[in-house]
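Fold and contact review
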Amino acid sequence: MHNKSLTELAAGLRAGEFTSVELTQHFLDRIEKYDESLNSFITVTPEIALAQAAEADAQIAAGTAGPLTGIPMALKDIFCTDGVKTSCASKMLDNFISPYNATVVEKLKAAGMPMLGKTNMDEFAMGSSNESSYYGAVKNPWDTERVPGGSSGGSAAAVAARLVPMATGTDTGGSIRQPASLTGITGIKPTYGRVSRFGMIAYASSLDQGGVFARDAADCALVLGAMAGFDEKDSTSSEREVEDYAAGLDQSLQGLRIGVPAEYFGEGLDEGVAASIKSALDKYKELGAEIVEIELPNTGLAIPSYYVIAPAECSANLSRLDGVRYGHRCEDPVDLEDMYKRSRAEGFGSEVKRRIMVGTYALSAGYYDAYYLKAQKVRRKIKDDFVQAFENVDVIMGPVSPTTAFKLGEKSDDPVSMYLSDIYTLAVNLAGLPAISVPVEPAEGLPVGLQIIGNYFDESRLLNVAHQFQQATDWHKQSPEGFGG
Amino acid sequence: MSLTASDVKKISHLARLAIDEADIEPYANNLSNILGLVEQMDAADVADIEPMANPQDATQRLRDDIVTEVNQREKFQAIAPNTEAGLYLVPKVLE
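What you see is a predicted model; the values in this text were computed from it and never measured.

This part takes up the interface of chain B and chain A. Counting residues at the interface gives 47 residues for chain B, matched by 69 residues for chain A. Both sides together, the interface formed by chain B and chain A hides about 5,200 Å², and carbon and sulfur atoms give 68% of it. Of all residues in chain B, B:Met41, B:Met52 and B:Arg61 give up the largest surface area on contact with chain A, accounting jointly for 15% of the area buried on that side. On the surface where chain B and chain A come into contact, there are two salt bridges. Among the ionic pairs, A:Asp82 bridges to B:Lys75, the shortest N-O distance being 3.2 Å. Joining chain B to chain A, the criterion identifies 18 residue pairs in polar contact (both at pLDDT 80 or more). Elements that contribute at least two residues to the side of chain B that touches chain A include exactly helix H1 (5-14), helix H2 (21-38) and helix H3 (73-77) of chain B. Top contributing element to the side of chain B that touches chain A by residue count: H2(B), with eight residues.

Residues and elements named next belong to chain A. Residues annotated by UniProt as "active site" (unreviewed entry) correspond here to Lys76, Ser151 and Ser175. In terms of the greatest pairwise C-alpha distance, the residues named above, spread along 100 residues, form a tight cluster of at most 11.1 Å across. Along the polypeptide, Ser151 turns up in the loop between strand S3 (115-119) and helix H5 (153-160). Overall, the relative accessible area of 0% leaves Ser151 in the buried class. Discounting chain neighbours no more than four positions away, the residues touching Ser151 are Lys76, Asn120, Met121, Asp122, Ala125, Met126, Gly127, Asn130, Thr170 and Ser175. Relative to the elements of secondary structure, Ser175 occurs in the loop between strand S4 (166-170) and helix H6 (177-183). Here Ser175 falls in the buried class, since its relative accessible area comes to 6%.

So, about the environment of A:Asp332. Residue and element names in this part refer to chain A. Following the sequence through the fold, Asp332 ends up in the loop between helix H9 (302-317) and helix H10 (336-347). Taking the relative accessible area as the measure of exposure, Asp332 reaches 66% and is therefore exposed. Not counting the four nearest positions on each side in its chain, Asp332 is found in contact with Asp338 and Arg342.

Next up on the list: the nonpolar core. General note: in soluble globular proteins, nonpolar side chains tend to be found buried as a group. All names here are of chain A. Formed by 168 residues in total, the largest nonpolar core has its most connected members in Phe124, Tyr284, Phe386, Ile452 and Leu463. Among the elements that make up this core, the one with the highest residue count is H9 (nine residues). Not counting chain neighbours up to four residues away, the residues in contact with Leu463 comprise Ile188, Ala217, Cys220, Ala221, Leu224, Tyr245, Leu249 and Ile436.

In the case of a regular strand, side chains alternate between the two sheet surfaces. Residues and elements named next belong to chain A. Taken together, the four bridges between strand S2 (residues 73-76) and S3 define a ladder with parallel strand orientation. What sits directly across from Leu75, in S3, is Lys118. This β-α-β element, S2 to helix H4 (residues 103-110) to S3, shows right-handed connectivity.

For the rest of this paragraph, the subject is the environment of A:Lys91. Residue and element names in this part refer to chain A. Structurally, Lys91 is set in the loop between S2 and H4. Sequence separation between Lys91 and Gly210 is 119 residues; the distance between their C-alpha atoms is 23 Å. Other than its neighbours up to four places away in sequence, Lys91 contacts Glu123, Tyr134, His328, Glu346 and Gly347.

Calculation rules
- Residues numbered from 1 in each chain as written.
- Chains lettered and ligands numbered in written order.
- Predicted model: local features only at pLDDT ≥ 70, side-chain atom pairs only at ≥ 80, totals over all residues.
- Heavy atoms only, no water.
- Contact = heavy atoms within 4.5 Å.
- Buried area = accessible area lost by both parts, 1.4 Å probe.
- Salt bridge = Lys/Arg side-chain N within 4 Å of Asp/Glu carboxyl O.
- Polar contact = N/O pair within 3.5 Å; in protein donor to acceptor, adjacent residues only side chain to side chain.
- Helix = DSSP H or I, 4+ residues; strand = E, 2+ residues; numbered from the N terminus.
- UniProt positions renumbered as here; feature names shortened; annotations may be inferred.
- Buried < 20%, exposed > 50% of the residue type's maximum accessible area, 1.4 Å probe, protein only.
- Core = buried A, V, L, I, M, F, W, Y, C linked by side-chain atoms within 4.5 Å.
- Pairing = 2+ DSSP bridges.
- Right-handed = clockwise from strand over helix to strand, strands pointing away.

Right, here's the structure in full:
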């Protein structure tokens, strides 16, 4: 059952081959059996999952089921879930039982998807390796000595090991695409504003966007359709209609213009990764697409501007965690300031503290213009590069990550070297564009993701372009050994 | 950009983060390295470029001025560290 696509699972449920309760129990058993080696879940919620599955079975029997009814899912532990611990992988929120649901949670619940649990992640979504979690690192199912990527590493590892058919993620600087790439699954980060941020614990509000991990683009299309849409509770939510993503999947790629930026193939790109990406581009040529060389000259500025904007916004967002209304409070504070300072020092891990401090500095009196304002101007230059490129091409392609999954501990002592691994993903968040990671030929046995970047609100085309590749290849069907096939 | 120990103390105070003496030096190094990375922005010519806060340059949406939230004080305070009679308790602010 765990190797079926969402469409196949939906068909199986309707044909009565298995019930949602059986399907849900199957995945709960798999989590029980295999997650000890991966640590991909922070909280497993079997009672909720089975109760929701029983409801789904009743809907299926009554003929009122939707396309996703009865198919289990998991949520990154950044999505507030009513009555369930929502920790953001931080000691700060280890005791936080959310009093409400994120809009994404409401929507997936309304779609009838039983929730198996909450997945592990980098603390407050800050990281590229899932090593900064208060609950310990997540392991990559392809090689448990390696990282699954981050920050949505738990969701990615769980989907890759087939412990869950799909999981949600969030992407502020690559946190869906990079773990999807490193674990050999498909992950889409939609246009900024496409998926509601309400109840998604904020890291950098002008960059954060929720999205989907699944085996393939067709599965992503189904779930994204259920997750996306205008939400009046999110002040930056887009009012645009949501397209029928599944309807566009079968379009031919004949005449598709693919922009390939020279800047994404320069120094620092692993040779094996480059070869895999190039062979994927050749496959696209076979499918009728045309490769167009393009330039994104300000790519190099993405890292410095991101590491001003994201920390600045994080320092403001995380100031609400003060030990007063919820979350961790230190023992025996002598006064209010002591309570703030010690609660925060004890509650946050070192990477979160670093980013809060960088952001605090960048926003402090006398430095605002030199850092935050300058970074926002650079941000527009980065966006303008893309706007110009999309005048001439339909999609842009390149690698997601300069390397395959690195070893646990390899970069955890050196924040700057970790930041550099996000070089190909950050610009997309700064520009607010949609992008997807699609598994291509592995390099030395480890997964490689092709990044496909689309124009604003062109998710339909991204999913179509990814799906056509997956019709012609079977990299997305490969799964790691050791998890019961 | 190289931060001194006193810079780190000042920043950690502004951020309301207690910091151990032993951690000041490592933070100074780490933060200096990050700011060094950030300085690559200096090479960018941003004359006449408007700062960008939203990818679609969207402005804040307004809604009708009506009450939409229901009172859930008890539910919210159930997860608070310390409350009494519907109020959040913190250490004494005024002597």
